[in-house]
Amino acid sequence: MQVGYEQVFEFGYVCSVCNDRAIPKVSVIPERAYQYLRHLSLCDDDESKLLRLKSVGGVETIQFLNYVGVIVTPDGFQIEILPKIVKHAEHNDAVSDSRRSLLNMLRTLGMYRHIQTAAAHLEKYKMPLLEIFIGQFLSSVNQLVKRGIKRDYQPQSDNLFYLKGKLNINAQLKHNLVQQHRFCVDYDEYVPDITVNRLIKAALQKVLLMTRSAQNQRLARELEFVFADVSPITVQAISKETLNLSRGMEHYQVPVAWSQLILEGISPLSMRGDAHAFSLLFPLESVFESYVESVLRQTLHPPFTVKGQLQTSHLATYDAKRMFRLKPDIAVYNGGELKLVLDTKWKLIDASKANGTDKFLLSQQDFYQMHAYGHKYLQGEGDLVLIYPSNDKFTAPLTSAFEFSSSLRLWVVPFDIHHQTYDGDRLKLPSQLNGQLTHAPDISMVF
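Note that the structure is predicted; figures quoted are calculated from it, not measured.

### Description of the packing of helix α3 (residues 129-147) against helix α5 (residues 195-210)
Angle between the axes and distance between the axes: these two values describe a pair of packed helices. Closest axis-to-axis distance for the α3/α5 pair is 11 Å, and the angle between their directions is 145°. For the element pair α3 and α5, the recorded crossing hand is left-handed. Contacts from Leu-130, Glu-131, Ile-134, Phe-137, Leu-138, Val-141 and Leu-144 in α3 reach Ile-200, Ala-203, Leu-204, Val-207 and Met-210 in α5. A per-class count over the contact of α3 with α5 returns 11 nonpolar, no polar and 1 charged.

### Notes on the packing of aromatic side chains
Tallying each qualifying case throughout the model produces 6 aromatic pairs. Seen in terms of ring centroids, Phe-367 and Phe-404 are 6.4 Å apart; in terms of plane orientation they differ by 70°. Their pairing is edge-to-face. With a gap of 37 residues between them, Phe-367 in helix α10 (residues 364-377) and Phe-404 in the loop between β18 (402-403) and β19 (408-415) connect regions that are remote in the sequence. What makes Phe-404 partly exposed here is its relative accessible area of 25%. Taken together, Phe-288, Tyr-291, Trp-346 and Phe-415 form an aromatic cluster joined through their ring pairs. Taking NZ or CZ as reference, Arg-182 lies 4.2 Å from the ring centre of Phe-161, over its face.

### So, the nonpolar core
Counting 83 residues, the largest nonpolar core has Leu-37, Phe-64, Phe-137, Ile-387 and Phe-415 as its most contacted members. Residue contributions to this core peak at 9 residues, all from α3. In terms of nonpolar packing, the next biggest core, distinct from the first, is built from 23 residues, Leu-326, Leu-338, Tyr-373 and Leu-408 among them.

### Observations regarding the sheet that holds strand β15 (residues 330-334)
Spatial ordering of the open sheet is given by β12-β15-β16-β17-β19-β18, a layout of 6 strands whose pairing is mixed. If you trace the sheet from one side to the other, it starts and ends with β12 (304-308) and β18, each paired once. As paired elements, β18 and β19 share 2 bridges and run antiparallel to each other. Each residue of the ladder has a partner; that of Glu-403, found in β19, is Arg-409. In the packing of helix α9 (residues 284-299) onto the sheet, contacts are made with β12, β15, β16 (337-344), β17 (382-389) and β19, and the angle to β12 comes to roughly 165°. Its contacts with the sheet put α10 on β16, β17, β18 and β19, and the angle it makes with β17 is roughly 145°.

### Side note on the environment of Pro-389
On the secondary structure map, Pro-389 appears in strand β17. Separated by 43 residues in the primary sequence, Pro-389 and Trp-346 place their C-alpha atoms 6.5 Å from one another.

Analysis parameters
Residues numbered from 1 in each chain as written. Predicted model: local features only at pLDDT ≥ 70, side-chain atom pairs only at ≥ 80, totals over all residues. Heavy atoms only, no water. Axes fitted to C-alpha atoms, helices over the stretch in contact; angles between N-to-C directions. Helix = DSSP H or I, 4+ residues; strand = E, 2+ residues; numbered from the N terminus. Left-handed = near helix turned anticlockwise from the far one by under 90°. Contact = heavy atoms within 4.5 Å. Nonpolar A, V, L, I, M, F, W, Y, C, P; charged D, E, K, R; others polar. Phe/Tyr/Trp six-rings, centres within 6.5 Å; stacked < 30°, edge-to-face > 60°. Buried < 20%, exposed > 50% of the residue type's maximum accessible area, 1.4 Å probe, protein only. Lys NZ or Arg CZ within 6 Å of the ring centre and 35° of its normal. Core = buried A, V, L, I, M, F, W, Y, C linked by side-chain atoms within 4.5 Å. Pairing = 2+ DSSP bridges.

And the structure:
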């Protein structure tokens, strides 16, 4: 298996090592890994939403789109795709900041709530993302082993030199008619060979094939030895069995969650049939939306409530049938009254580009969308908020609202994704919105 690693930012490019000239800002990967990605990019269905073939400087390249995470190709080459959270990705701390921000956001998704991002782990952000995930999986299994792995009674059948359990008369007559010193018996044995342990062992074996860290390899081998009496099992067999974490097995939840993630992966790509292909890929738009909604739920207090993905209004009707459902990301209610409609966009805004051509790098299409939200959900009166990730060029709300009319306004504000605390400095709203959230002191009213 080929050993190698390359790290790129979202919307970055890679090309094959076989190209005869280097292209600035285009990463070079081995030919076999490139051809594997090229094959995926040419799929006819939705699998091509991650990758796109593009010519850069007359050289064929593959561009990664709005998914971030890790891809391991069948020959073992690893590609890490990170979110671009600063205007200049060449900044010294850009890679570590990107990893930390991504992990912070992933924690708000239910299946990743076990990700640890405490200050004690800051040094680990210098490791590749896959090694961080593997390290946290191994740490959770290590804690499980210290508490003791679960054992259960399992039915066994054997031909022994002594009588144990229940004598199997039919098997005894068949096998031991001559060897009368042996006994065919059925008995129950208290062993660790149960489904959850098989799942963890399978994940440990897969980790040993993927990790490049000496520390992770050493710990994985030590932990695999603990599960030596557990039978091997395939991923397909595990999926057919029900994982039942019974009472008293709460300490298994985190290791099992990590094991399922490692064995199954998360990807928009179909990798069936590729024994060593693996991916953990996350759509940034959805991750950012979930993160903002989670922080708002933590910081807003009654009588305010937060709801996600409203779906009660449509853009138009045709022959009395509603068509084109409008789904703003987040809505804030005061009691039962809708106060604010908010939408998240994963894009880097530049507050210094205020001229008529650049328009802060805002999208006209996003404004059309917000205009429709304002008329359908707020009846043309009130405030709308567009939320973008903060960056070094966008640290405070734009100074004025965009006025759709004298009664309908749109505010463009930053959201801090770089820290993990749930405090009032995450979402920065302009002071003009004070009246909308007067009972929400945890929301920062800056500017």
